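Structural overview for review
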Amino acid sequence: MVHIAVGGQSFFIGWIILSGLAAGLGSGLFGIGGAVILTPLLHSLLGLPLPVVIGTGLCQMIAASASGVMRFRKSGVVDYQVALMAAGGNLAGVTVGVAISEALENMPQVTFHGRSAPLDRVAITGLFIAALVLIGTLILLEKPRGDNPPPPGRFLAALRRIPPRARLVRTGGEASIPLLVFPTVLVGLVSGMLGIGGSVFVVPLLIYGVGLPTHVAIATSLLYALFTGVFGTIEKAITGDVMLSLAILIMIGSTVGSQIGAILAMRTRARRLRKAFGVLLFVSAVMMAWKLCSRFV
């Protein structure tokens, strides 16, 4: 059998696996969950139903993240301590975000060209896009300093000193627990309200906020994505939005892709990885903007 039935339509298995491969490649290379790559490929390009793509794509996140973490683990660049703290903040934020989303179901609607969307979702999505563009711009304008990111400014340096601070076993440095946890709570809050992933913000947070080396930040973010993927998959499985046969095909591709991406990441200079990540943030912003606009046209 070379086709799979999803939502009453038939789709070529090869394209499904290749989509998973592309998402896994992005996961291993940049330390992200991969949904920003997988969702447009499966939903916008191939035409799979969005709820199934989102729910089943979380399974891809588990496979890609686990595969990439295993590869990075061999190089000793995974900070388990930081990943656990960040994942804990994300879980708390997602829980609150889902509750807020349910409470705001009767919010006023924004109407354009005869189509409507909840005002809160439009506003938060707009802020999300603006944040992606801002962070991407700052990364791309980063002044050359070899492979190391520029030193933190006064404001960021002050934030790094906020107590309590934890001694990082992996790097030997210290990190402000509030600076690490509170942003991941906010990312989880937005993710819970909009039903989108926020792992693209975690790598910049770990590099510029916590001060982790670029490769350590990417590997640690991938472990963070593994934890959040497990949480999200359980939630979507309960609501019936996970299609096992589709998930297996995606996971076949993403497992291989993540291995390739992790190998490429370890062989790429840190500064080039950061620049490429900045470009990825712009691509993510464009895709989110297109998705938002498509609701009104």
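Model, not experiment: these values are computed from the prediction. Per-chain numbering applies: the sequence of each chain, read as written, is numbered from 1 onward. Totals for whole chains, interfaces and linings use all residues, but because this is a predicted model, local features are given only for residues with pLDDT of at least 70 and pairs of side-chain atoms are given and counted only at 80 or more. Side-chain calculation: all heavy atoms of the structure are included, whereas hydrogens and water are not.

What to know about the nonpolar core
Counting 49 residues, the largest nonpolar core has Phe72, Leu132, Leu180, Leu206, Val210, Leu212 and Phe277 as its most contacted members. Helix and strand assignments follow DSSP, with helices taken as H or I runs no shorter than four residues and strands as E runs no shorter than two, numbered in order from the N terminus. Here this core gets 8 residues from one element, more than from any other, and that element is helix 9 (residues 214-238). Aside from chain neighbours lying at most four places away, what touches Leu132 is Val200, Phe201, Leu281, Ser284, Ala285 and Met288. What makes a nonpolar core is a set of buried Ala, Val, Leu, Ile, Met, Phe, Trp, Tyr and Cys residues whose side-chain atoms join them at distances within 4.5 Å. With a 1.4 Å probe rolled over the protein chains alone, any residue whose accessible area is under 20% of its type maximum counts as buried; one over 50% counts as exposed, and the rest are partly exposed. Grouped together as the second largest cluster of nonpolar side chains are 14 residues, Ile16, Ala23, Val53 and Ile250 included. A contact between two residues is defined here by any heavy atoms of the two lying within 4.5 Å.

Describing the side chain of Ser27
By secondary structure assignment, the location of Ser27 is in helix 1 (residues 13-30). What makes Ser27 buried here is its relative accessible area of 0%. A distance of 3.0 Å separates the side chain of Ser27 from the backbone oxygen of Ile32, its partner in a polar contact. Polar contact is the term for a pair of N or O atoms within 3.5 Å; when the atoms are in protein, one must be able to donate a hydrogen and the other to accept it, and sequence-neighboring residues count only if both atoms are side-chain atoms. Only 3.1 Å separates the side chain of Ser27 from the backbone oxygen of Gly33, close enough to count as a polar contact.

Digging into helix 2 (residues 35-45)
Leu38, Thr39 and Leu42 are the residues of helix 2 that are buried. Viewed along the axis of helix 2, the buried residues span an arc of 95 degrees, placing them on a single side of the element. On its buried face, helix 2 sits against helix 1, helix 3 (50-73) and helix 10 (244-266). In this description, the arc belongs to the directions extending from the helix axis to the C-beta atoms.

Description of empty space enclosed by the protein
Over the atoms rolls a probe the size of a water molecule, and in doing so it shows where empty space is left. Note on definitions: the grid is 1 Å and covers protein atoms alone; a cavity is a set of points where a 1.4 Å probe fits but cannot get out; a pocket is an open set with protein on both sides within 12 Å along at least five of seven lines; lining residues have an atom within 4 Å of a point. Grid points are joined across faces, edges and corners, and a volume is the space filled by probe spheres set on the points. All chains considered together, the criterion is met by 1 cavity of 30 Å³ or more. Considering only enclosed or pocket space, the largest cavity measures out at about 30 Å³ in volume. Lining the largest cavity are Phe30, Val203, Ile207, Thr214, Ile218, Leu273, Arg274 and Phe277. Secondary-structure elements contributing two or more residues to the lining of the largest cavity are helix 8 (202-210), helix 9 and helix 11 (270-293). In the lining of the largest cavity, the residues fall into 6 nonpolar, 1 polar and 1 charged. Under the grouping applied here, Gly and all other residues not named as nonpolar or charged are polar, the nonpolar ones being Ala, Val, Leu, Ile, Met, Phe, Trp, Tyr, Cys and Pro and the charged ones Asp, Glu, Lys and Arg.

Description of the pattern of salt bridges
Definition used for salt bridges: Asp or Glu carboxyl oxygen within 4 Å of a side-chain nitrogen of Lys or Arg. For the structure shown, the criterion picks out 4 salt bridges. We note a salt bridge from Arg269 to Asp147, for which the minimum N-O separation is 3.1 Å. Taken as a pair, Arg269 in the loop between helix 10 and helix 11 and Asp147 in the loop between helix 5 (119-140) and helix 6 (154-160) lie far apart in primary sequence, 122 residues in all. The class of Asp147 is partly exposed, set by a relative accessible area of 31%. Three or more residues joined by partner-sharing salt bridges are found here, namely Arg165, Arg167 and Glu174.

Digging into unusual backbone geometry
Cis geometry marks the peptide bond from Pro163 to Pro164, where omega comes out at -5 degrees. If you trace the backbone, Pro164 turns up in the loop between helix 6 and strand 5 (165-167).

Quick notes on the layout of surface pockets
Of the volumes computed, that of the second largest pocket is approximately 1100 Å³. Along the wall of the second largest pocket there are 39 residues; nearest its centre are Ile135, Phe201, Pro204, Leu205 and Tyr208. Breaking the lining of the second largest pocket down by element, the ones donating at least two residues are helix 5, helix 6, helix 7 (177-194), helix 8, helix 9 and helix 11. Sorting elements by how many residues they give to the lining of the second largest pocket places helix 5 first, with 8 residues. Residues that form the lining of the second largest pocket fall into these classes: 28 nonpolar, 7 polar and 4 charged.

A few points about the packing of helix 3 against helix 9
Close contact between helix 3 and helix 9 brings their axes to 8 Å; oriented N to C, the two are set at 150 degrees. Classified by the angle between their axes, helix 3 and helix 9 sit roughly antiparallel to one another. Of the two elements, helix 3 crosses helix 9, and the hand of that crossing is left-handed. For the pair formed by helix 3 and helix 9, the contact residues are Ile54, Gly55, Leu58, Cys59, Met61, Ile62, Ala64, Ser65, Ala66, Gly68, Val69 and Phe72 on the first element and Ile218, Ala219, Leu222, Leu223, Ala225, Leu226, Thr228, Gly229, Val230, Gly232, Thr233 and Lys236 on the second. Axis lines are fitted to C-alpha atoms, over the contacting stretch for helices. Their N-to-C directions set the angle, which ranges from 0 to 180 degrees. For classification purposes, an angle smaller than 35 degrees is called roughly parallel, one larger than 145 roughly antiparallel, one from 65 to 115 roughly perpendicular, and anything else oblique. The crossing is said to be left-handed when, going from far helix to near helix, the turn is anticlockwise and less than a right angle, and right-handed when the turn is clockwise.

Points about the pairing of strand 1 (residues 3-6)
Two faces make up the sheet, and in a regular strand the side chains alternate between them. Here strand 1 shows one buried face, formed by Ile4 and Val6, and one open face, formed by His3 and Ala5. What makes two strands pair is DSSP finding at least two bridges between them. When strand 1 meets strand 2 (residues 9-12), the two strands line up antiparallel, connected through 4 bridges. In the sheet register, Val6 faces strand 2, and the bridge partner there is Gln9. The hairpin turn running from strand 1 into strand 2, its antiparallel successor, is 2 residues long, and Gly7 in that turn takes a positive phi close to 60 degrees.

Quick look at the packing of aromatic side chains
Aromatic rings from Phe, Tyr and Trp, taking only the six-membered ring of Trp, are treated as a pair when their centres fall within 6.5 Å; an angle between ring planes under 30 degrees marks them as stacked, one over 60 as edge-to-face, and anything in between as tilted. Inspection of the entire model under this criterion finds 3 aromatic pairs. With a centroid separation of 6.2 Å and an interplanar angle of 75 degrees, the aromatic rings of Phe12 and Trp15 are classed as edge-to-face. Ring geometry for Phe128 against Phe201: centres 5.0 Å apart, planes inclined by 80 degrees, an arrangement best described as edge-to-face. Separated by 73 residues along the polypeptide, Phe128 in helix 5 and Phe201 in the loop between helix 7 and helix 8 bring together distant segments of the chain.

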